[in-house]
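Here are the chains, one letter per residue:
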Amino acid sequence: MAGCSGAPTNQETTVATTDGTTTGDPSTTRSGDVSPYTRVYRESIDSVVLVRTDSGQGTGWVYDDAVVVTNEHVVGPAEEVDVRFNDGEWRAGTVLGTDAHSDLAAIRVADRPADATPLPLADAAPVVGQEVVAIGNPFALSGSATTGVVSGTDRAIPAPTGYRIPDAVQTDAAVNPGNSGGPLMSLDSEVVAVINSGGGDNIAFGISAALTERVVPGLVADGDYQHAYIGLSFTAVTPAVAEANDLDEARGLLVVSVDPTGPSAGVMQGSDGTAFVDGRQVRTGGDVVLSVDGTTVQTFEDLLSLLALQTSPGDTATVAYLRDGERRTADIELGVRSET
């Protein structure tokens, strides 16, 4: 199966259109227009590649004139990889950098084919219901395309390090082993996300274009990327947590623990007890974070996305929080997230 050619070949077929004319292109609709999925595929496929290492393979896509983007878990510890373009030709690739926290990797391919042009990252955040096309090499079936919609946004998905990748995009497009690292395309032929995982119950995920745009330049320039770290763990303030902590309303994030060596040590306080509310055990005590730099945080995903997309290590974040019912603020200099 690994020897399959990159793109399928359409057989010549005559299709009747509504105005009585015919077309030889089976991808056209009854009105004579090319399917939007076919158009996206044709505009993108030459820029989608197969990435192979000694331990496995996945998909990648052309990011700029000499760089291919894929997943960190596709390249693993490899320093050199083989890259096959849609024309069937192989190129040698050098891994410039990897980031396990975002599951992204950058590969230098100096002599890419002329028709393998960079794919643009989407400027606008995707919306639920937006149609998308996943292009890649599932099960080594080169140049495969599946379609679906954006099923969810701002998801926090597992990273290889045990942390969470924020701002992830969820889709119901079929994604299987070998799709990893490939582009999830909008119907405007822009990369909405870098496919990261999937394979079950019509749920797959990708690293957002916004996070990719922040991380990849660092991988190209420095070989790595440093993520901001606040040194706190949280649980959402549900109605039960609010009741147990005598809070007027269920809002914000309760600090469960504080990293004793992290940037919030000595500033923020974690939970120190538990209580039962309606038969459920919940955390008590600890600060309740309401906002960071003026942005309200209602969920863990909110906070992760804010830190990942709007802050950097060394920045000072202003945290508004409740302690014993009193509203306070604290300025915290963000640290660097460790590798594990």
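Residues numbered from 1 in each chain as written. Predicted model: local features only at pLDDT ≥ 70, side-chain atom pairs only at ≥ 80, totals over all residues. Heavy atoms only, no water.

By the naming in an unreviewed UniProt entry, the protein goes by Serine protease, S1-C subfamily, contains C-terminal PDZ domain and is assigned to Halobacterium jilantaiense.

### Brief notes about the overall build of the protein
Here is the rule: Only DSSP runs of H or I with at least four residues qualify as helices, and only runs of E with at least two residues qualify as strands; both kinds are numbered from the N terminus onward. What makes two residues a contact is simply this: any of their non-hydrogen atoms within 4.5 Å. Computed with the Shrake-Rupley method and a 1.4 Å probe, the accessible areas treat only the protein chains shown as cover for residues. Counted as positive: Lys and Arg. Counted as negative: Asp and Glu. His and the chain ends are not counted at all. By convention, charge coordinates are those of NZ in Lys, CZ in Arg, CG in Asp, or CD in Glu.
The number of helices and strands found in the protein is 5 helices and 24 strands. Put simply, 58% of the contacts in the protein that link residues at least 6 apart link residues at least 24 apart. Surface accessibility of the protein: about 15,600 Å² in total, with carbon and sulfur atoms responsible for 46%. The positive charge centre, built from 18 side chains, and the negative charge centre, built from 47, are 3 Å apart in the protein.

### With respect to empty space enclosed by the protein
Picture a little ball the size of a water molecule; that probe, rolled over the atoms, points out where space is still empty. How we decide: Points on a 1 Å grid, built from protein atoms alone, make a cavity when a 1.4 Å probe fits but cannot get out and make a pocket when they are open with protein on both sides within 12 Å along at least 5 of 7 lines; residues with an atom within 4 Å of a point are the lining residues. Grid points are joined across faces, edges and corners, and a volume is the space filled by probe spheres set on the points. Residue classes follow a fixed rule: Ala, Val, Leu, Ile, Met, Phe, Trp, Tyr, Cys and Pro count as nonpolar, while Asp, Glu, Lys and Arg count as charged, and any other residue, Gly among them, counts as polar.
Applying the stated criterion across every chain yields a total of 2 cavities of 30 Å³ or more. Each pocket or cavity is described by its volume, and for the second largest cavity that value is around 50 Å³. Lining the second largest cavity are Tyr225, His227, Ala228, Leu304, Leu307, Ala308 and Arg337. When residues in the lining of the second largest cavity are grouped by element, the largest group, 3 residues, is from helix α5 (residues 300-310). Considering only residue class, the lining of the second largest cavity consists of 5 nonpolar, 1 polar and 1 charged.

### Some thoughts on the domain arrangement of the protein
Our working definition: What fixes the domain bounds is an automatic or database domain assignment. Accessible-area loss on putting two parts together, using a 1.4 Å probe and summing over both, is the definition of buried area adopted here. Two N or O atoms form a polar contact when they lie within 3.5 Å of each other; inside protein one atom must be a possible hydrogen donor and the other a possible acceptor, and for residues adjacent in sequence the pair counts only when both atoms belong to side chains.
Entries for the protein in the domain assignment read domain 1 (36-108), domain 2 (130-211) and domain 3 (228-336). On a C-alpha basis, the centroid separation for the pair domain 2 and domain 3 is 30 Å. Across the boundary between the two partners, domain 2 contributes 9 residues, which contact 8 residues of domain 3. With both sides pooled, the region where domain 2 packs onto domain 3 buries about 620 Å², and carbon together with sulfur makes up 70% of that total. Considering only the side of domain 2, the residues that lose the most area to domain 3 are Asp154, Ala156 and Pro166, jointly responsible for 56% of the buried surface there. Where domain 2 meets domain 3, there are 2 residue pairs in polar contact (both at pLDDT 80 or more). Those elements that place two or more of their residues in the side of domain 2 that touches domain 3 are β10 (144-158), β11 (164-171) and α3 (209-222).

### What to know about the UniProt feature "domain: PDZ" (unreviewed entry) in the protein
So the rule is basically this: UniProt positions are given in the numbering used here, feature names are shortened, and annotations may be inferred rather than shown by experiment.
With numbering matched to this structure, UniProt assigns "domain: PDZ" (unreviewed entry) to residues 229-334. Annotation note: span residues 229-334, helix share 16%, strand share 42%, distance between end C-alpha atoms 6 Å.

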